[in-house]
There are 2 protein chains.
Amino acid sequence: MDSKEILKAHILKTATLTDQEFDYLFSHFKSKSFKKGQAIISEGDKVDHEYFVISGCLKAFFINDEIKMYILQFAMPTWWTSDYGALYNHTRATISVDCISDAAVLCLSNDDREKICSEIRQAEHFFRWRTNRGYLASQKRLLSFMNNDTKARYEELLAMYPQLYNLVPKHLIAAYLGVSRETLSRLYNAQK
Amino acid sequence: MDSKEILKAHILKTATLTDQEFDYLFSHFKSKSFKKGQAIISEGDKVDHEYFVISGCLKAFFINDEIKMYILQFAMPTWWTSDYGALYNHTRATISVDCISDAAVLCLSNDDREKICSEIRQAEHFFRWRTNRGYLASQKRLLSFMNNDTKARYEELLAMYPQLYNLVPKHLIAAYLGVSRETLSRLYNAQK
DNA sequence: TGCAGAATGTGATGTACATCACCTAAGCCC
DNA sequence: GGGCTTAGGTGATGTACATCACATTCTGCA
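Residues numbered from 1 in each chain as written. Chains lettered and ligands numbered in written order. Predicted model: local features only at pLDDT ≥ 70, side-chain atom pairs only at ≥ 80, totals over all residues. Heavy atoms only, no water.

A word on the pattern of salt bridges. According to the stated counting rule, one finds 23 salt bridges over all chains in the structure shown. Across the pair D48(B) and K46(B) runs a salt bridge, and its minimum N-O distance is 3.7 Å. Of the residues examined, K46(B) reaches a relative accessible area of 62% and is grouped as exposed. The partner of R181(B) in a salt bridge is E182(B), with the nearest N and O atoms 3.9 Å apart. The exposure class assigned to R181(B) is exposed, which follows from its relative accessible area of 53%. Connected via shared salt-bridge partners are E50(A), R113(A), E114(A), E124(A), R130(A), R121(B) and R128(B). (Salt bridge = Lys/Arg side-chain N within 4 Å of Asp/Glu carboxyl O. Buried < 20%, exposed > 50% of the residue type's maximum accessible area, 1.4 Å probe, protein only.)

Structure below.
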């Protein structure tokens, strides 16, 4: 399945577009490929695109005082990512995005998204629902943070995304969970 | 300013509606008043409305194992609240909402929101942007959780909502910060 | 107005985690 | 394939917080 089909299947789950509408929408996306380790958005960048992952795995992260990294999101195929704060408010990036593995993405500019939303009814509908899912996921993660200890959050993460265990290094999983790599290491070595 | 004017001013900040469109939209809202301590949504309820706060202060919270309460949101005037997970997925409430003070709200049903969104272009636009703001706020709070200690989060909260200091009891602020009331008490008594 | 329950303060103690220090093992690159 | 970088494991120690226990103050209301 090529990029276009993947995006189409993804959007048609929540919106009803004619083929012509989808083709028009798709014409605003640009395909890009990145190598493992490459940066897509770096802190301080001007941000004007969001990214739809076709293959590979990205991470969206924040670095505190140039010391600690916190991972906001592992972006897997059919996920969207960007520094949405910077994108919507036209400010410089505080959140960075780079590639955990080689990756293929579709890029959509903020201007084009707004243009499409104003031209195609169902596109606006789609983006409303997409943001909504993001909001719910974020709220769920916040609750999990307050309510569960590290071990429970680790198991929750692996239950939801079993692929992560082999795909991403453990210190990145620790950065997602918000604990030190040492603590994570001790956790799953102790529980045998 | 009455409820209608407050909602109108709120919506017109991000969407362009004609007076007739707004009147039609407004006709789907119901006014309700609640007393301090009254529940609006209780765990296990069927959820089919969301709420726009006109006056007073609500809290949206989650209770773990019937023991600990975590506050997801203090809802102040012009804020929206509900158990959005239950509302969108048609499941029973896991998040409850009640009144910290006497409150007046406008209620909108999930069905009516979707109906309005499909009928009025700019209404869908408004709700897309509203959800987006919620998503960004939630992500910001998640980052603050991972990155800052309790004292920093406490100061951040009071800097953003100074009214809270006098309006809500300290143990609720602790429940928002995700710490015990004892820890919060020691925190601001130590820093004198 | 006096009393019950709620809100708040504070000490003692336990624990989950961070941090630092150091070690081993596994890529990866000229 | 030897050396360098990155990932990962593990001990010792410190610290921020939870928890329990109890004292104190506030507040609503009969």
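As a structural note, the neighbourhood of DNA strand C is formed by 18 residues, with T150(A), S180(A), T183(A), R181(B) and R186(B) the closest of them. Restricting attention to atoms of DNA strand C within 4 Å of the protein, one finds that 51% of them are sugar or phosphate atoms. Side-chain polar atom of K68(A) to a phosphate oxygen of DNA strand C: 3.5 Å apart, as the coordinates give it. In the environment of DNA strand C, a phosphate oxygen lies 2.7 Å from a nitrogen or oxygen atom belonging to the side chain of S180(A). Among the elements of the structure, α9 (181-190) of chain A together with α8 (170-177) and α9 (181-190) of chain B are those that each provide at least two residues to the surface near DNA strand C. Broken down by element, the residue count for the surface near DNA strand C peaks at 6 residues, all from α9(B). The residue inventory of the surface near DNA strand C, partitioned by class, reads 3 nonpolar, 7 polar and 8 charged. (Near = heavy atom within 4 Å. Polar contact = N/O pair within 3.5 Å; in protein donor to acceptor, adjacent residues only side chain to side chain. Helix = DSSP H or I, 4+ residues; strand = E, 2+ residues; numbered from the N terminus. Nonpolar A, V, L, I, M, F, W, Y, C, P; charged D, E, K, R; others polar.)

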